[in-house]
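Remarks on the overall topology
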Amino acid sequence: MKDVVIIGAGIVGCSIARELSKYNLGVLVIDKNQDVSEGISKANSGIIHGGYNEKKGTLKAKLNLEANKIIDSLAEELEFPFKRNGSLVLAFNEDEFKKLKELKSNGEDLGIEELEILEKGEVLDLEKNINCDVVGALHIKNSGIVSPYEMTLAFAENACENGVDFLLGHEVIDLKKHKDYYTLIIKDKEPIETKVVINAAGLGGAFINNLVSETKYEIEGVKGEYCLLDKIAGELCKKTLFQVPNVLSKGVLVTPTVDGNLLIGPNATPSDADDIKTTRSGIDEIIYKSKKTMEKIPFDRVLNTFSGIRPKVKTQDFIIEEVKDAKNFINVIGIDSPGLTCAPAIANYVIDLIKENLKLEEKINFKAHRTKMIRMSELSIEEKNKLICSNPTYGKMICKCEFVTEGEIIDSIKRPLGARTLDGVKRRTRAMMGGCQGIGCMIPISAILSRELDIDISEVNKDVENSSVVGFKED
């Protein structure tokens, strides 16, 4: 029997797993997807929010403030890319400028100190490519950017190194509540017993809750579509550029990514949980709205479009609590924006919820530091030569757009929770994320996966089960 089972291997589930790995507990993370960060966490804006826009007294406000203060130390410990680049909320008329002052006052009331109102000239001094009809901006100095899937992987790998088990590609289809424990019914797998269940199942969170509780929830999916532009376009701005927010979302943003690209989006459209298709109307919408921020965005530099679904609940706040009629069943649901930012603080909050009923004994051998993958593109000539001499696979270029070598791809497969799919390699190495979007390297990477996993190349999947990259068997 496990002490804790976490359902969901997104940023929230993996953050909780990493925090629990500090204790002498039997912990399992289970997810229906083939890899961590395959759901909500892989497709969002990657913003570490300042927290100025949240409502006082909410979990969102409390946890955003707490998490923002610890993200630097976590990025250093776990070696995931993070830049505190700051953001601007732009006003283009006097009514919007008045709203900026309200946002600043709200943020200061929440305890955020790094807020400043800028006049037009000050804005254009910071970001010369913003439309010249800008009136002013709220400067949020404590916000930043991350790679959401790399951040998730960092927490997951470190949790794994500290003894947390992961069961990926297996779906929880039922839960049985007993007096002192739960039985999880797994599709095509033996049942699993556990003392504590943490429901961090994202868009499936309501389904999991409703299996055990008389208090029923509904989660509405809200789709956000994005355009990802290349690194030439990424030089257009340094800060994350917001427009004045509305009730449904923080609006269409223009932001650099930690890897140097330019990201534009999202819109906000009610959607089914599995509807991640982009639409012509949706992409046209974000292109049109982004031009309010910056007229001369080079949309001929678009590399890819994608969408993600975020979970909305009627409470308009996170639901993080022990279920009243299901002892030791912890809901962590309705985690929409700023959920990525809040994830480390959510983990601490959950620990406080379970420590009353579960003995927490700290490990004496907890490994706090996680070493990131080698990135050949980040090394000096001397470092590259030394590495190639010791391991020639680092001298064989596979992805010419992003300068990813065979050695890096092998490393991504052999690491803790190593890649098992093409997309898994992509998120760990950035292979296939450049100009050709995998046309030149998809098959060579599939061949490496085939060799290292000892499977036929026809069994190599893009992401989900039966999503074969190469649809035939070689003789």
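Residues numbered from 1 in each chain as written. Predicted model: local features only at pLDDT ≥ 70, side-chain atom pairs only at ≥ 80, totals over all residues. Heavy atoms only, no water.

**Considerations on the overall build of the protein chain**
When helices and strands are counted, the protein chain shows twelve helices and 22 strands. Expressed as lengths along the three principal axes of its C-alpha atoms, the size of the protein chain is roughly 65 × 55 × 45 Å. Residues classed as buried in the protein chain amount to 56% of the 475 residues present. In the protein chain, 70% of the contacts between residues at least 6 apart in sequence involve partners at least 24 apart. Separation between the mean location of the 64 positive side-chain charges and that of the 74 negative ones in the protein chain comes to 1 Å. (Helix = DSSP H or I, 4+ residues; strand = E, 2+ residues; numbered from the N terminus. Buried < 20%, exposed > 50% of the residue type's maximum accessible area, 1.4 Å probe, protein only. Contact = heavy atoms within 4.5 Å. Lys, Arg positive; Asp, Glu negative; His and termini not counted. Charge placed at Lys NZ, Arg CZ, Asp CG, Glu CD.)

**Here's the deal with the environment of Ala 156**
Along the polypeptide, Ala 156 turns up in helix α5 (residues 148-161). Owing to a relative accessible area of 0%, Ala 156 belongs among the buried residues under this scheme. For Ala 156 and Ala 17, which are 139 residues apart along the polypeptide, the C-alpha to C-alpha distance reads 7.2 Å. For Ala 156, the residues in contact, after removing those within four places along its chain, are Cys 14, Val 36, Phe 166 and Leu 417.

**Here we look at helix α12 (residues 442-453)**
When the terminal C-alpha atoms of α12 are compared, their 16 Å separation across twelve residues agrees well with the 16 Å that a helix rising 1.5 Å per residue should span. Where α12 is concerned, the buried positions are Ile 445, Ser 446, Ile 448, Leu 449 and Ser 450. Asp 454, located one to two residues past α12, shows a positive phi value of around 55 degrees. (Expected span 1.5 Å × (residues − 1).)

**Quick word on the UniProt feature "domain: BFD-like [2Fe-2S]-binding" (unreviewed entry) in the protein chain**
As annotated by UniProt and renumbered to match this structure, "domain: BFD-like [2Fe-2S]-binding" (unreviewed entry) occupies residues 397-450. What you have in residues 397-450 is 48% helix and 9% strand, and the ends, taken at the C-alpha atoms, are 18 Å apart. (UniProt positions renumbered as here; feature names shortened; annotations may be inferred.)

**A few points about the packing of aromatic side chains**
Considering all chains together, one arrives at three aromatic pairs under this definition. With centroids separated by 6.1 Å and ring planes inclined at 35 degrees, the aromatic side chains of Phe 80 and Phe 155 adopt a geometry described as tilted. With a gap of 75 residues between them, Phe 80 in the loop between α2 (59-78) and β4 (82-83) and Phe 155 in helix α5 connect regions that are remote in the sequence. For the pair Phe 80 and Phe 155, one class covers both residues: buried. Seen from their ring centres, Tyr 182 and Phe 329 are 6.0 Å apart, and the 55 degrees between their planes marks the pair as tilted. Here Phe 329 lies in strand β20 (residues 329-333) and Tyr 182 lies in strand β11 (residues 182-186), a separation of 147 residues in the sequence. Neither residue differs from the other here; Tyr 182 and Phe 329 are each classed as buried. (Phe/Tyr/Trp six-rings, centres within 6.5 Å; stacked < 30°, edge-to-face > 60°.)

**Side note on the environment of Ile 283**
With respect to the helices, strands and loops of the structure, Ile 283 is situated in helix α7 (residues 280-293). C-alpha of Ile 283 to C-alpha of Glu 225: the two residues are 58 residues apart in sequence and 6.7 Å apart in space. Apart from residues lying up to four places away in sequence, Ile 283 is in contact with Glu 225, Tyr 226, Cys 227, Thr 278 and Thr 305.

**Quick notes on the domain arrangement of the protein chain**
Entries for the protein chain in the domain assignment read domain 1 (1-81 + 145-219 + 313-372), domain 2 (82-144 + 222-309) and domain 3 (376-459). Placing a centre on the C-alpha atoms of domain 1 and another on those of domain 3 gives a separation of 29 Å. Each partner contributes to the interface: domain 1 provides 17 residues, whereas domain 3 provides eleven residues. Summing both partners gives a buried area of about 1200 Å² for domain 1 against domain 3, and 52% of it is carried by carbon and sulfur. (Domains from an automatic or database assignment. Buried area = accessible area lost by both parts, 1.4 Å probe.)

**Some remarks on unusual backbone geometry**
Residue Pro 266 is reached from Gly 265 by a cis peptide bond, and omega for that bond is -5 degrees. Positionally, Pro 266 belongs in the loop between β16 (262-265) and β17 (269-271). Pro 338 follows Ser 337 through a cis peptide bond whose omega is 5 degrees. On the secondary structure map, Pro 338 appears in the loop between β20 and α8 (339-354). One non-glycine residue with positive phi stands out, namely Asp 188, at about 60 degrees. Of note in the backbone geometry, Asn 328 takes a positive phi value of approximately 65 degrees without being a glycine.

**A word on the sheet that holds β4**
Spatially, three strands are ordered β3-β8-β4 in an open sheet, and the strand pairing comes out antiparallel. The sheet is open, and its two edges are formed by β3 (47-48) and β4, each paired on a single side. The pairing of β4 with strand β8 (residues 144-146) spans two bridges and is classified as antiparallel. Counted as the bridge partner of Phe 82 is Val 146 from β8. (Pairing = 2+ DSSP bridges.)

**Some thoughts on the pairing of strand β2 (residues 27-31)**
On a regular strand, one side chain projects to one face of the sheet and the next to the other, so that they alternate. With respect to burial, β2 is a largely interior element, five of its five residues being buried. Burial of the side chains of β2 extends over both faces: Val 27, Val 29 and Asp 31 are buried on one face and Leu 28 and Ile 30 on the other. You can see the chain leave strand β1 (residues 2-7), run along helix α1 (residues 11-20) and come back into β2, and the turn it takes is right-handed. Relative to strand β9 (residues 165-168), β2 runs parallel, the two sharing four bridges. (Right-handed = clockwise from strand over helix to strand, strands pointing away.)

**Focus on the packing of helix α10 (residues 406-414) against helix α11 (residues 422-429)**
Running from N to C, α10 and α11 point in directions that differ by 110 degrees, and their axes come no closer than 9 Å. Classed by the angle they form, the pair α10 and α11 counts as roughly perpendicular. For the pair α10 and α11, the crossing hand works out as right-handed. Across the interface between the two elements, Glu 408, Ile 409, Ser 412 and Ile 413 of α10 pack against Val 425, Arg 428 and Thr 429 of α11. For the contact of α10 with α11, the class distribution of residues is three nonpolar, two polar and two charged. (Axes fitted to C-alpha atoms, helices over the stretch in contact; angles between N-to-C directions. Parallel < 35°, antiparallel > 145°, perpendicular 65-115°, else oblique. Left-handed = near helix turned anticlockwise from the far one by under 90°. Nonpolar A, V, L, I, M, F, W, Y, C, P; charged D, E, K, R; others polar.)

**Quick look at helix α3 (residues 94-109)**
Under the 1.5 Å per step criterion, the end-to-end length of α3 is 23 Å for 16 residues, consistent within 8% with the ideal 22 Å. Along α3, the residues classified as buried are Glu 96, Phe 97, Leu 100, Leu 103, Lys 104 and Gly 107. Seen end-on, α3 carries its buried residues on one side only, within an arc spanning 105 degrees. Turned more than 90 degrees away from the buried face of α3 sit Glu 94, Asp 95 and Lys 98, all of them exposed. Of the surrounding elements, those touching the buried residues of α3 are β5 (87-91), β6 (115-119), β7 (136-140) and α7. N-cap assignment for α3: the residue whose side-chain oxygen lies 3.1 Å from the backbone N of Asp 95 is Asn 93. Gly 111, located one to two residues past α3, shows a positive phi value of around 105 degrees. (Arc of directions from axis to C-beta. Polar contact = N/O pair within 3.5 Å; in protein donor to acceptor, adjacent residues only side chain to side chain.)

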